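The primary structure of each chain is shown beneath.
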Amino acid sequence: MTPVTPPSLQASIHIGASSISMLVVESRPDGSGGTEAHPGDFLEQTVPLARDIFRRGSIRRSTIERCVKILNGYRETLRELGATDETPIRAVATNILIESGNHDAFLNRIQIGCGLHIESLDDGEMTRLIYLKTRRRLRDTPSMKKRTALVVHVGPGNTRALLFKNGRISDYTNYRLGVYRTAEAVSSNEESGTQLNKTIREHIRSLISQIHHNYSEAGIEELVIIGYEIQHLAHVLVKPGKTKSTPQALAALAKDVSAMSEETRVKKYQFDYNTAQAIVPAMEINLAIARTLEIDTLRLPGSDYERGLLLDLPASFSLTEGFQTEVIRSADSVARKFRVHRSHSAQVARLSQLLFENTTDLHQLNEHDALLLQCAAILHECGNYISVRAHHKHSHYIVQNSEIFGLGQRDISIIALIARYHRKSGPKSNHAGYRTLNSEDRMRVSKLSSILRIADALDRSHSSRIGDIEVSVVKQKLIIELTGIPDASVERLAMRSKSDLFHDIFGLRVTIEEGR
């Protein structure tokens, strides 16, 4: 490959459950004055990361050093291709890494030995990647836009289910059910063939029952199955250029593959040894889901799972088209579940957004922070479902223990705290949840909470009477002019107890003026 110079070159690296892969992408002129991304070199080498984590509870030193060697080799390859210190490299690690007792030591060794900062893929980021894959399936298979489809990603440690109705996400659930988690749980039995399949089915029965409970009445017409292991068999299960298969075909293949030795699987299907070990649990989990939901049609993408993930990594780093809407829809779903006053939450969310947009020079936060604020505004009064008394604390508990599509645990914890601080006391260093945050996230919670408190005060009457607002900073005041409101006595009174946090953070007293 002819060497290129930055910024035409970028790379994505994924430390996965059973391999480390890298994709190099070139940006070339598209003929219309812009640039177009073209996938280039793809490298992949095996590592027994998941086996170490689920069998030993930690990563062996030999595995860590193998990872360092592989990554340094990738860095050398990038230099040969013309990469420099300025070449963008996004390096991420599987989200099962957090389950390792020595994950911090692992990341530190990579940082020192390779000069790479590794991000752990949390649930939110993995869901974004699955969302991007599913959007391609919607484009490739127009019928999915009109049907009810369940997209299932069986990963190394967890299974994620996304329910699509008419091309939109209707529900999202995460289960502690994974390929390697299952493989290691049943590995001590030393069984093979139909007995191994039976043992796997017994082991996963309770979680499959939970999936049945959640989705059996959803009217699912198609099941879309994606994952590193199962997509290795797409060429066997579907015809060239197609994506459709059946549970019967998957069951027959699972029976044949489970009867083979791992060496035979490696030779026949060009697996690495880690995938050869994990492929039977992958097939049995997907098959059990199809059977419990009585689904006749399977969709199995023929594209390479790992290449697709690496290609999507840069796109998923920021909010992608349509993704923000789905996150908000999911927060709305949680709000409906806990009977939130819908018109009030919508009004507070709208006012929060207006205040955020009009104070960007003050808070210096980004688009993702705006999304967290909007979710917190939607859910800030969900604690009333438990009790009106101290409902801000109940809101914190409910949000902290809820799932919001596309958001990881860190984001959900921040939203829960913002919701807690919409009234009463502001953040304190001894508060549960807040004290465990780093300094940057503490400040993020304080800034966003101060904006939410002001927005909530502006709808103190729960009447949604405030329309447009004009925001300005004059001397040491944040002036909010309420357009078309002749008497703002109610809002002004509420603001006395709600604007204290904003004053503490930004040094500005909040003043309300009736609109001209």
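## Topic: helix 1 (residues 49–56)
Within helix 1, burial applies to Leu49, Ala50, Asp52, Ile53 and Phe54. In this structure, the buried residues of helix 1 make contact with strand 1 (9–15), helix 2 (61–80), helix 3 (103–114) and helix 5 (179–186). Phi turns positive one or two residues past the end of helix 1, at Gly57, with a value near 85 degrees.

## Details of helix 13 (residues 342–358)
If you check helix 13, its first and last C-alpha atoms are 24 Å apart, about what 17 residues at 1.5 Å a residue would give, namely 24 Å. All of the buried residues in helix 13 are His344, Ser345, Gln347, Val348, Ala349, Leu351, Ser352, Leu355 and Phe356. Structurally, helix 13 contributes buried residues whose contacts are with helix 14 (360–363), helix 15 (367–379), helix 18 (439–458), strand 12 (469–474) and strand 13 (477–482).

## Digging into unusual backbone geometry
If you check the backbone angles, Gln364 has positive phi at about 55 degrees while not being a glycine. Looking at the secondary structure, you find Gln364 in the loop between helix 14 and helix 15. Residue classification places Gln364 among the exposed residues on the basis of a relative accessible area of 61%. The backbone phi angle of Ser464 is positive, close to 55 degrees, even though this residue is not glycine. Looking at where Ser464 falls in the secondary structure, it is placed in the loop between helix 18 and strand 12. The partly exposed category is assigned to Ser464, whose relative accessible area is 29%.

## A few points about the sheet that holds strand 13
If you trace the three strands from one edge of the open sheet to the other, you get 12-13-14, paired in mixed fashion. Sheet topology places strand 12 and strand 14 (509–514) at the edges, where each strand pairs with a single neighbour. Here the strands of the sheet are splayed against their neighbours by 25 degrees on average, with no regard to which way each runs. Bridge count for strand 12 against strand 13 is six bridges, and the pairing is antiparallel. Residue pairing for strand 13: Val474 is matched across the bridge by Lys477. Running over the sheet, helix 13 touches strand 12 and strand 13 and is turned about 35 degrees from strand 12. On the sheet, helix 18 packs against strand 13 and strand 14 and is oriented at approximately 35 degrees with respect to strand 13.

## As for the packing of helix 16 (residues 391–400) against helix 17 (residues 409–420)
Interaxial distance between helix 16 and helix 17 falls to 8 Å at its minimum, and their mutual angle equals 170 degrees. The pairing of helix 16 with helix 17 is recorded here as roughly antiparallel in orientation. In this structure, helix 16 crosses over helix 17, and the sense of that crossing is right-handed. Along the contact surface, helix 16 presents His392, Lys393, Ser395, His396, Val399 and Gln400, while helix 17 presents Gln409, Ile412, Ser413, Ile415, Ala416, Leu417, Ala419 and Arg420. Residue composition of the contact of helix 16 with helix 17, grouped by class: six nonpolar, six polar and two charged.

## Details of the packing of helix 8 (residues 247–258) against helix 10 (residues 273–292)
Viewed as axis vectors pointing N to C, helix 8 and helix 10 meet at an angle of 150 degrees, and their least axial separation amounts to 10 Å. It follows from the interaxial angle that helix 8 and helix 10 lie roughly antiparallel. Note that helix 8 runs across helix 10; the crossing there is left-handed. Facing Pro247, Leu250, Ala251, Leu253, Ala254, Val257 and Ser258 of helix 8, the residues of helix 10 in contact are Ile279, Val280, Met283, Glu284, Asn286, Leu287, Ala290 and Arg291. When grouped by side-chain class, the residues that make up the contact of helix 8 with helix 10 number eleven nonpolar, two polar and two charged.

## Re the confidence of the model for the protein chain
In this model, the protein chain carries a mean pLDDT of 90, and residues with pLDDT of at least 70 account for 94%. When pLDDT is averaged over each helix and strand of the protein chain, the minimum, 78, is found for helix 4 (residues 123–140) and the maximum, 97, for helix 18. Confidence drops under a pLDDT of 50 for residues 1–6, and excluding neighbours within four residues, the segment shows 14 contacts in the predicted structure.

## Some words on the environment of Asn72
Relative to the helices and strands, Asn72 is located in helix 2. C-alpha of Asn72 to C-alpha of Met443: the two residues are 371 residues apart in sequence and 36 Å apart in space. Residues within four places of Asn72 in sequence aside, it is in contact with Gly113 and Cys114.

Cut-offs applied
Residues numbered from 1 in each chain as written. Predicted model: local features only at pLDDT ≥ 70, side-chain atom pairs only at ≥ 80, totals over all residues. Heavy atoms only, no water. Buried < 20%, exposed > 50% of the residue type's maximum accessible area, 1.4 Å probe, protein only. Helix = DSSP H or I, 4+ residues; strand = E, 2+ residues; numbered from the N terminus. Contact = heavy atoms within 4.5 Å. Expected span 1.5 Å × (residues − 1). Pairing = 2+ DSSP bridges. Axes fitted to C-alpha atoms, helices over the stretch in contact; angles between N-to-C directions. Parallel < 35°, antiparallel > 145°, perpendicular 65-115°, else oblique. Left-handed = near helix turned anticlockwise from the far one by under 90°. Nonpolar A, V, L, I, M, F, W, Y, C, P; charged D, E, K, R; others polar. pLDDT = per-residue confidence, 0-100.

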